[in-house]
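Examination of the molecular architecture
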Amino acid sequence: MTVTLKVTEGEESGWAVLRLSGEMDLVTSPVLRHRVHEAVAEGRHDIVLDLSEVLFCDSSGVGVLIAVRRLMRSCQGRLRLILPAQGAVEGSHVNRVLAALGVRRLFDVYPGVAEAVCEESTPLSA
């Protein structure tokens, strides 16, 4: 069985929206790192990562998320994550992993893309 991470890119209200589906692990997470670096090189400094369809995330995936956060901060950009609402079964794995590792509080998390790209929205509490 081949493990894959699919990344599709769109734009919403001036934000680059990267929608991820599949698994983020040692083999696949460099795909995300590369796509974010491409977006930043193109001048995109406001990025939303929609992780609601990521079914698995290991420490390598978390490491890439932290590296992406660091990259966005270094270029005075903004990073927002989409994770399913509490109680959601699909995709909630990433939220649990980030919380278990104590790094969930490092990220601005929103329940959906519409909230993430809205300047008046506030992130969900950790």
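Up top is the structure.
Residues numbered from 1 in each chain as written. Predicted model: local features only at pLDDT ≥ 70, side-chain atom pairs only at ≥ 80, totals over all residues. Heavy atoms only, no water.

1. Details of unusual backbone geometry
This is how the line gets drawn: Each helix is a run of DSSP H or I of at least 4 residues and each strand a run of E of at least 2, with the numbering of both proceeding from the N terminus. Partly exposed describes any residue whose relative accessible area lies between the buried limit of under 20% and the exposed limit of over 50%, with all areas from a 1.4 Å probe on protein chains only and scaled to the type maximum.
Residues other than glycine seldom take positive phi values, yet Ser 13 does so here, at roughly 50°. Within the element layout of this structure, Ser 13 appears in the loop between strand 1 (5-12) and strand 2 (15-24). The class for Ser 13 is exposed, based on a relative accessible area of 61%. For Gln 76, which is not a glycine, the phi torsion comes out positive at approximately 55°. Along the chain, Gln 76 turns up in the loop between helix 2 (59-74) and strand 4 (78-82).

2. Digging into the pairing of strand 1
The line we're drawing: By the convention used here, strands pair only if DSSP detects at least 2 bridges between them.
Both strand 1 and strand 2 contribute to a ladder of 8 bridges, which runs antiparallel. Looking at the pairing, Thr 8 lines up with Arg 19 of strand 2. In this structure, the hairpin formed by strand 1 and strand 2 is closed by a connection of 2 residues, where Ser 13 is found at a positive phi of approximately 50°.

3. Some thoughts on the pattern of salt bridges
Convention followed: One side-chain nitrogen of Lys or Arg within 4 Å of one carboxyl oxygen of Asp or Glu is enough to make a salt bridge.
On inspection of all chains with the given rule, the structure shows 5 salt bridges. Residue Arg 35 pairs with Glu 9 through a salt bridge whose shortest N-O separation is 3.8 Å. With Arg 35 in helix 1 (residues 29-41) and Glu 9 in strand 1, this residue pair connects regions lying 26 residues apart in the sequence. By relative accessible area, which is 38% here, Glu 9 ends up partly exposed. Between Asp 46 and Arg 78 there is a salt bridge whose closest N-O contact spans 3.0 Å. Within this pair, whereas Asp 46 is found in strand 3 (residues 46-57), its partner Arg 78 is found in strand 4, the two being separated by 32 residues in sequence.

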